[in-house]
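# Fold and geometry: a report
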Amino acid sequence: MAGAIASRMSFSSLKRKQPKTFTVRIATMDAEMEFSCEVKWKGKDLFDLVCRTLGLRETWFFGLQYTIKDTVAWLKMDKKVLDHDVPTEEPVTFHFLAKFYPENAEEELVQEITQHLFFLQYGDYDPNVHKRGFLAQEELLPKRVINLYQMTPEMWEERITAWYAEHRGRARDEAEMEYLKIAQDLEMYGVNYFAIRNKKGTELLLGVDALGLHIYDPDNRLTPKISFPWNEIRNISYSDKEFTIKPLDKKIDVFKFNSSKLRVNKLILQLCIGNHDLFMRRRKADSLEVQQMKAQAREEKARKQMERQRLAREKQMREEAERKRDELERRLMQLKEEATMANEALMRSEETADLLAEKAQITEEEAKLLAQKAAEAEQEMQRIKATAIRTEEEKRLMEQKVLEAEMLALKMAEESERRAKEADQLKQDLQEARESERRAKQKLLEITSKSSYTQSMNSSTTALPTDLPSFNLISESVSFDFKDTDMKRLSMEIEKEKVEYMEKSKHLQEQLNELKTEIEALKLKERETALDILHNENASRGNSKHNTIKKLTLQSTKSRVAFFEEL
């Protein structure tokens, strides 16, 4: 009895010790993951687990987002996951997204995974794979952009494919960074917009981004009317729906605005605090952790560069070997065709020589026969002359016969001479035919010797790629010992690569300008939106996002606060 009670008590204590869990689904920008989380976990526990799974160390740019009542919200790190206003159905879904954006992606994004999460990759161009029509299922451009130009899908594909092929071989991280550099210069990049009202009740838009707070006209989200950099702001707070901004200069009065919902105020405050912290961090010396990450990133970049160079050399050697093999195979086929043609020519020459020899023999026999007849005619003429003719009639007849015999002899002599000349010509043709036959045999002998030499060369060349290093990077381990000499060489490599990268970037910008100019003539002006028109106006005036904000902050903070109050 006591044993049974003790057993039940032990089982009950075991059940109490087992933590309760719930399932969470995390959707990144290109994948989904599921985790089993403990009920007591805070937002930081879940966020750290996701970052560890992704191998991400630059965690400060990201957050876990969810939607509640048509409003986006971010998971708080110091609050239990289930204490947030999240759906109760499992799995509870969060989106792992960029919450804060860098001012300069090239300088701030250290890890490759960080770059990749800001931009999803496409593979390298391969003409055997990326054939006509391969972009039909890809949504590379928004439909609004496609409809803005008088271009068919085939025309878009032709231009995109041409550029894709031209930049073949470019590393993925380089391509992604070029994309981010273009994106970060767009007016709406990294800006979160919120509807607000100033104290006069004027409807405005508040923009929160990496540089500060910006005030926009609701009809123009591209060009702010006023800007307040983070280094001019001392404190931000809200009470109910009213937000209070305290400038760094205490002599300047605070300014206030109202938002639409209390929940929105919480989101604005989160974004302001996070962006302000990152803004100040950028203007200080890098922490030890960031320094280590940058050093590791440089070493990793150098290692990958050396690996890419090695693979490029192997690829070049393999392609060169394949090119030589193809060339030898082509040459072998050409020699085989020449041998076939020479053999056929030889056979024709032999047949021609036989025919000419036979014809020459017949002609010679005919000439002999004609000469014999001519001789007989001459003998007959002499016999007739020697014969005495007694009567005039016989004499006349005899003279006629003599004349006919002379004409026949003359004709026979001419025919004999012609036949003799023809026989001589046939003999000459026969000699030429035999000389052609001799040359054909010599050519065939030369082709046969070349063919055997080419086959031996072909076999040795074809075997060349098998001696090259394998492309299997899984089984091969590469280790690097960065000594002083290695570091100097590494620094030189990095500097050289940087110069090459800047040249590529400049060339890419020139190509982009050429493409814009090329397709501008095909733009349908009547389909431009108000934002398209505003963007074109800014571009024509040379107004970029950064110089616009710089111009707005030339005025004193006090005058900008007063301007905001009077909007």
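Since the model is a prediction, treat every value here as computed from it, not as a measurement. (Residues numbered from 1 in each chain as written. Predicted model: local features only at pLDDT ≥ 70, side-chain atom pairs only at ≥ 80, totals over all residues. Heavy atoms only, no water.)

## Brief notes about the overall build of the protein chain
Along its length, the protein chain carries 15 helices and 12 strands. Taking all 567 residues of the protein chain together, 34% fall into the buried category. The long-range fraction of contacts in the protein chain, counting pairs at least 24 apart against all pairs at least 6 apart in sequence, stands at 67%. Of the accessible surface of the protein chain, which amounts to about 36,500 Å², a share of 53% is contributed by carbon and sulfur atoms. (Helix = DSSP H or I, 4+ residues; strand = E, 2+ residues; numbered from the N terminus. Buried < 20%, exposed > 50% of the residue type's maximum accessible area, 1.4 Å probe, protein only. Contact = heavy atoms within 4.5 Å. Areas by Shrake-Rupley, 256 points an atom, 1.4 Å probe, with all protein chains shown as cover.)

## Quick notes on the sheet that holds strand β4 (residues 71–74)
Taken in spatial order, the five strands of this open sheet run β2-β1-β5-β3-β4, and their pairing is mixed. The sheet terminates laterally at β2 (32–38) and β4, the two strands that pair on one side only. Mean inter-strand twist for the sheet, computed between neighbouring axes without regard to direction, equals 35°. Where strand β1 (residues 21–27) lies against β2, seven bridges are found, and the strand directions are antiparallel. When the bridges of β2 are listed, R25 appears paired with E34. Lying on the sheet, helix α2 (residues 43–54) is in contact with β1, β2, β3 (62–68) and β5 (92–98); it crosses β2 at an angle near 140°. On top of the sheet, helix α8 (residues 262–282) reaches β3 and β4; it is set at about 45° to β4, its chief contact. (Pairing = 2+ DSSP bridges. Axes fitted to C-alpha atoms, helices over the stretch in contact; angles between N-to-C directions.)

## Here's the deal with empty space enclosed by the protein
Applying the stated criterion across every chain yields a total of three cavities of 30 Å³ or more. Its volume calculated, the largest cavity comes out at about 90 Å³. Contributing to the lining of the largest cavity are Y101, P102, E103, Q184, Y189, G190, D209, A210, L211, K545 and H546. Split into classes, the residues belonging to the lining of the largest cavity amount to five nonpolar, three polar and three charged. Reported here for the second largest cavity is a volume of approximately 70 Å³. (1 Å grid on protein atoms, 1.4 Å probe; cavity = no way out; pocket = protein on both sides within 12 Å on 5 of 7 lines; lining within 4 Å. Points joined across faces, edges and corners; volume = space filled by probe spheres on them. Nonpolar A, V, L, I, M, F, W, Y, C, P; charged D, E, K, R; others polar.)

## Thoughts on helix α13 (residues 530–541)
With 12 residues, α13 should cover 16 Å at 1.5 Å per step; its first-to-last C-alpha distance of 17 Å lies within 8% of that length. For α13, the complete set of buried residues consists of D532, L534 and N538. Projected down its long axis, α13 shows its buried positions confined to an angular sector of 165°, all on one face. Of the surrounding secondary structure, the elements contacted by the buried residues of α13 are α5 (143–148). Positioned one or two residues after α13, G542 has a phi angle of 80°, which is positive. (Expected span 1.5 Å × (residues − 1). Arc of directions from axis to C-beta.)

## Things to note about the packing of aromatic side chains
Applying the stated criterion across every chain yields a total of 14 aromatic pairs. With a centroid separation of 5.9 Å and 25° between ring planes, the pair formed by F47 and F96 is classed as stacked. Taken together, the residues span a long stretch of sequence, with F47 in helix α2 and F96 in strand β5 at a distance of 49 residues. According to the relative accessible area criterion, F47 is buried, its value standing at 5%. Taking the centre distance of 6.3 Å and the plane angle of 50° together, the rings of W60 and F61 count as tilted. Pair check on accessibility: W60 and F61 agree, each one buried. In this structure an aromatic cluster arises from ring pairing among F47, W60, F61, F62, F96, Y101, F118 and Y189. (Phe/Tyr/Trp six-rings, centres within 6.5 Å; stacked < 30°, edge-to-face > 60°.)

## Overview of the nonpolar core
By size, the foremost hydrophobic cluster in this structure holds 67 residues, and its most contacted members are I26, L46, F94 and F96. Per-element tally for this core: the top contributor is α8, with eight residues. L148, M151, W156 and I519 belong to the second-largest nonpolar core, a separate cluster that totals six residues. (Core = buried A, V, L, I, M, F, W, Y, C linked by side-chain atoms within 4.5 Å.)

## Thoughts on the pairing of β2
Residues M33, F35 and C37 line the buried face of β2, whereas the alternating positions E32, E34, S36 and E38 sit on a face that is not buried. Following β1, the chain reverses through four residues before pairing antiparallel with β2.

## Some words on a negative patch on the surface
There is a patch of like negative charges on the surface, built from E350, E351, D354 and E358. Looking at the secondary structure, you find D354 in helix α9 (residues 288–386). Since its relative accessible area comes to 56%, D354 is described here as exposed. (Patch = residues over 30% accessible without salt bridge, like charges linked within 9 Å, V, L, I, M, F, W, Y side chains within 5 Å. Salt bridge = Lys/Arg side-chain N within 4 Å of Asp/Glu carboxyl O. Lys, Arg positive; Asp, Glu negative; His and termini not counted. Charge placed at Lys NZ, Arg CZ, Asp CG, Glu CD.)

## What about the sheet that holds strand β10 (residues 233–239)?
Read across the open sheet, the seven strands follow the order β9-β8-β7-β6-β12-β11-β10; overall the sheet is antiparallel. In this open sheet, the two strands that pair with only one neighbour each are β9 (226–229) and β10. Neighbour-to-neighbour, the strand axes of the sheet open up by a mean angle of 30°, direction not taken into account. Pairing geometry for strand β6 (residues 192–197) and strand β12 (residues 255–259), over two bridges, is antiparallel. The residue bridging I196 from the neighbouring strand is S259, located in β12. Its contacts with the sheet place α8 against β6, β7 (203–208), β8 (212–216), β10, β11 (242–247) and β12, and it is angled at close to 165° to β10.

## A closer look at the pattern of salt bridges
Summed over the entire model, instances satisfying the criterion amount to 22 salt bridges. Between R560 and E232 there is a salt bridge, with the nearest N and O atoms lying 2.8 Å from each other. Separated by 328 residues along the polypeptide, R560 in helix α15 (residues 557–566) and E232 in the loop between β9 and β10 bring together distant segments of the chain. Relative accessible area serves as the criterion here: at 2%, R560 is assigned to the buried category. One network of salt bridges, in which partners are shared, links E103, E108, R282 and R283.

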